[in-house]
Each structure stands twice: as C-alpha cells, then as structure tokens.
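Here's the letter readout for the chains.
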Amino acid sequence: MIVGWLAVGAGVCVGAVIVWWLLIRTEGVYLGRGAVIWLYDLYAGRYDSIKQFEPYNEDYYLARPILQRLPHIAAPLVLDVATGTGRVPLALLDQVTFHGRVVGLDLSRKMLAQAADKLAPYGNRVALLHHPAERLPFPENTFDLVTCLEALEFLMDQRVVLREMTRVLRPGGLLVLTNRQGIDVRLMPGRTFEHDTFADMLRHEIGLAQVAVEVWQIDYRIVWARKAGYSDSAGPLPLAEIWQCPQCGAVDLVPVAGGWRCLSCEVLVPEGDDGVIEANRLLPDGAAGKNEPGRDVVTSARTDRG
Ligand SMILES: C[S@@+](CC[C@H](N)C(=O)[O-])C[C@H]1O[C@@H](n2cnc3c(N)ncnc32)[C@H](O)[C@@H]1O
C-alpha cells in the first residue's frame with residue numbers, strides 16, 4: 001500500500017517537473033509555435049517586469065553599441081524581428097541621434113499591444129506588424145539594420161528565419177542577434193548553439209561576413225554580422241514603400257479606413273485600434289474600408305501613416 005502511494009507521489013512529482021520544464025523553463029518551444037505564442041500572449045502584461053528592463057541598460061548595452069556600428073547612417077531603416085513589447089524600437093527611438101524608422105514584427109498580438117502602448121509617442125516612426133518571422137513581407141536588400149534579440153531559441157526553424165533576415169538586409173547592412181548561454185543551454189537541447197558553432201553557421205551556411213560574438217548579458221551573448229557586399233542606404237522609407245501585400249506580394253498597400261488596402265489585389269489588411277497591423281488576418285475584396293470616404297483621404301496620406 002505504502003509503496004503504491006510512493007509510486008503515485010513520484011509520478012506526480014515527475015509530471016509536475018515535466019510540465020514546469022515544458023511550459024515555464026522552455027516557454028513552450030517543444031510543444032510548437034502555437035504554444036510559444038499562447039504563452040507570450042498569456043504573459044505579455046508581465047513581460048517587462050519579469051525582464052526588469054532598465055532604460056540605462058537599454059541605452060548603454062543596446063542602443064549605443066548598435067548606433068556606433070552605423071556611423072554614417074543618421075536615419076537607418078530598421079526591422080526588429082520578434083520585437084515582443086518593443087524593446088529595440090524603444091531603445092533606438094529614445095536616442096536623440098537616431099532619426100530612422102523601425103518596423104517591429106511579432107506573432108504575439110498581446111506582446112504587440114504592449115509595444116504599441118509604449119511606442120505611441122513616436123507616431124509613424126514605428127510600425128508594428130502582427131506577422132510570423134518565418135516569412136518576412138519585405139523585398140530583398142531593404143533594411144540597414146535587422147535585429148532579433150532573445151528570440152531565436154523560440155523559433156521553430158531558426159535557419160529559415162536567419163536566411164529571411166539576411167535576405168531583407170541590404171548588402172553591408174548590420175544583423176544583430178543574441179545567442180543563449182549558461183544553464184539554459186543544457187535545459188534547451190537542440191534549441192541553442194555553442195558560440196563558435198553559431199558563428200561558423202552564420203559565416204558558412206547563411207553567408208554573413210564580419211561575424212563577432214561578444215560578451216553581453218548573463219544569459220546571452222550578442223552577435224554582430226554584416227551582409228556581404230555594399231549598397232547605399234535608401235534612408236528611412238515609409239512602410240507603404242517597403243511592405244509586401246500578404247496576399248499578392250505587391251508593394252502596393254495604402255492606408256484606408258480600418259486598415260491597409262492593396263491596390264493590386266484589393267485585399268484589406270486590418271489595423272487594430274492600437275495601431276498594430278494585423279498582417280496575418282486578411283479581409284476579402286469588398287470588406288470595410290474599400291469604398292469608405294477615408295480611402296481617398298488616407299491614400300493621399302500614404303507617407304503620413306508610413
Ligand atoms: C523572449 S521574447 C523577446 C522579445 C524582444 N525581442 C526582447 O528582447 O524583449 C520572444 C518573442 O518572440 C516572439 N515569437 C516567437 N515565435 C515567433 C514567430 N514564429 N514569429 C514571430 N515572433 C515570434 C514571441 O511572441 C515573443 O514576443
């Protein structure tokens with residue numbers, strides 16, 4: 001009898017540890033993308049306090065080192081993949097020397113809602129897209145800077161996303177990543193890389209140049225890399241000039257009442273009241289916005305909403 005109860009107790013403990021490991025320690029990554037995003041939606045309201053972001057640290061360890069590596073570009077065009085609650089956009093836009101624009105992309109709608117709230121004062125210098133990282137909706141060679149911080153280990157196919165980020169970076173553009181280290185590496189088998197292995201992969205598989213892995217935080221190293229070649233910066237282009245329609249791929253979206261209308265295929269991409277663009281939720285031809293008075297008004301305001 002006692003042995004039976006001990007066996008039940010041990011089973012419950014093992015089960016609890018497995019649940020803790022799957023849901024808390026590894027944030028759902030072994031359960032698939034849906035579980036990861038569900039958990040980030042669940043924790044979005046508490047994410048910043050869990051992370052304990054400090055403006056001083058974000059300025060000193062993140063924004064300044066990035067801008068020091070972009071010395072000749074006063075107004076860069078930036079893409080932050082898996083932007084979460086908008087850490088990178090906020091750190092950059094807070095800098096008086098930064099005159100660029102930032103697009104933040106994430107698949108957790110609730111993380112983006114937090115970002116939208118914090119970034120509202122920056123108006124059209126930031127755009128937030130609810131969209132997966134696996135296919136970035138921009139033409140190749142678009143951005144001066146692409147960042148993806150503390151997120152790579154939660155992406156299902158890391159190589160696909162690394163290739164996508166490299167594709168949309170302009171030649172000579174800067175890619176900034178993080179690579180996890182410490183105890184978590186042992187607790188997340190198959191999701192993290194040895195630093196040297198990661199650097200080799202970026203050089204030889206992804207084709208990046210000037211790869212450097214540097215000490216950064218307790219749990220992460222920061223990784224700098226450049227896309228091979230060189231092209232001039234096109235400057236801080238508005239979203240309307242770089243964003244590909246999720247349905248037909250044309251760069252032909254204009255702001256209308258309730259969202260963005262593709263002038264090529266007529267699909268409507270809705271925009272939330274908080275300004276987050278619902279790029280993975282399309283409304284068919286004829287949905288709200290098409291024939292509303294706002295269309296003409298906002299079409300002419302293309303660059304204002306950009
Ligand atoms: C640890 S947070 C990092 C957020 C932010 N980069 C930072 O440093 O605070 C990881 C983020 O990755 C996002 N994410 C996970 N999988 C994604 C995917 N496939 N596409 C887009 N975002 C994803 C999550 O929603 C979450 O916001």
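Conventions adopted
- Residues numbered from 1 in each chain as written.
- Predicted model: local features only at pLDDT ≥ 70, side-chain atom pairs only at ≥ 80, totals over all residues.
- Helix = DSSP H or I, 4+ residues; strand = E, 2+ residues; numbered from the N terminus.
- Rg over C-alpha atoms; globule rule 2.2 N^0.38 Å.
- Buried ≥ 20, exposed ≤ 12 C-beta atoms within 10 Å, placed from the backbone.
- Contact = placed C-beta atoms within 7 Å.
- Near = placed C-beta within 6 Å.
- Nonpolar A, V, L, I, M, F, W, Y, C, P; charged D, E, K, R; others polar.
- Domains from an automatic or database assignment.
- Arc of directions from axis to C-beta.
- pLDDT = per-residue confidence, 0-100.
- Pairing = 2+ DSSP bridges.
- Axes fitted to C-alpha atoms, helices over the stretch in contact; angles between N-to-C directions.

Caption draft 1: A look at the overall build of the chain. Scanning the chain for helices and strands turns up 11 helices and 10 strands. Over its C-alpha trace the chain gives a radius of gyration of 21 Å, about what one expects of a compact globule, namely 19 Å for 306 residues. Overall size of the chain, expressed as C-alpha extent along the three principal axes, is 80 × 45 × 35 Å. Counting every position in the chain, which comprises 306 residues, the buried fraction comes to 38%. Contacts spanning at least 24 positions in sequence make up 65% of the contacts within the chain whose residues lie at least 6 apart.

Caption draft 2: Broad picture of the site of the ligand. The environment of the ligand is formed by 20 residues, the closest being A82, G84, L107, S108 and A133. Counting residues per element, the shell around the ligand draws most heavily on helix α2 (residues 33-43), which supplies 4 residues. In terms of residue class, the shell around the ligand is built from 12 nonpolar, 3 polar and 5 charged. Residues from two domains meet in the shell around the ligand; each of domain 1 (2-49) and domain 2 (50-227) gives at least three.

Caption draft 3: Structural detail: helix α7 (residues 158-168). Every buried residue belonging to α7 is among Q158, V161, L162, E164, M165 and V168, and all of these are buried. Take α7 and look down its axis: the buried residues cluster within an arc of 160 degrees, on one side only. Against the buried residues of α7 lie β1 (77-81), β4 (143-148) and β5 (169-180).

Caption draft 4: Molecular detail of the confidence of the model for the chain. For the chain, mean pLDDT is 90; residues scoring 70 or higher make up 92% of the total. The model gives residues 288-304 a pLDDT under 50, and that stretch makes 33 contacts with residues more than four places away or in other chains.

Caption draft 5: The arrangement of the sheet that holds strand β2 (residues 101-106) in detail. Reading across the sheet, the 7 strands line up as β3-β2-β1-β4-β5-β7-β6 and stay open at both edges, with mixed pairing between neighbours. Each of the sheet's edge strands pairs with one partner strand only, and the pair in question is β3 (126-130) and β6 (208-215). Across the sheet, the axes of successive neighbouring strands diverge by a mean angle of 15 degrees, strand direction being ignored. Note that β1 and β4 share 3 bridges and pair parallel. Opposite V78, over in β4, you have L145 as the bridge partner. Of the strands in this sheet, β2 and β3 are in contact with helix α6 (residues 109-119), which crosses β3 at around 170 degrees.

Caption draft 6: Summary view of the pairing of strand β7 (residues 220-227). Bridge count for β5 against β7 is 7 bridges, and the pairing is antiparallel. Bridging from a neighbouring strand, L174 pairs with R226 of β7. As judged from the 6 bridges shared by β6 and β7, these two strands associate in the antiparallel manner. Looking at the pairing, L208 lines up with K227 of β7. Remark: 4 residues form the turn of the hairpin made by β6 and β7, two consecutive strands paired antiparallel.

Caption draft 7: Quick peek at the environment of A82. Residue placement: A82 occurs in the loop between β1 and α5 (87-93). Overall, A82 belongs to the buried group, with 23 C-beta atoms counted inside 10 Å. Sequence separation between A82 and T147 is 65 residues, and the spatial gap between their C-alpha atoms is 8.7 Å. Other than its neighbours up to four places away in sequence, A82 contacts D106, A133, C148 and A151.

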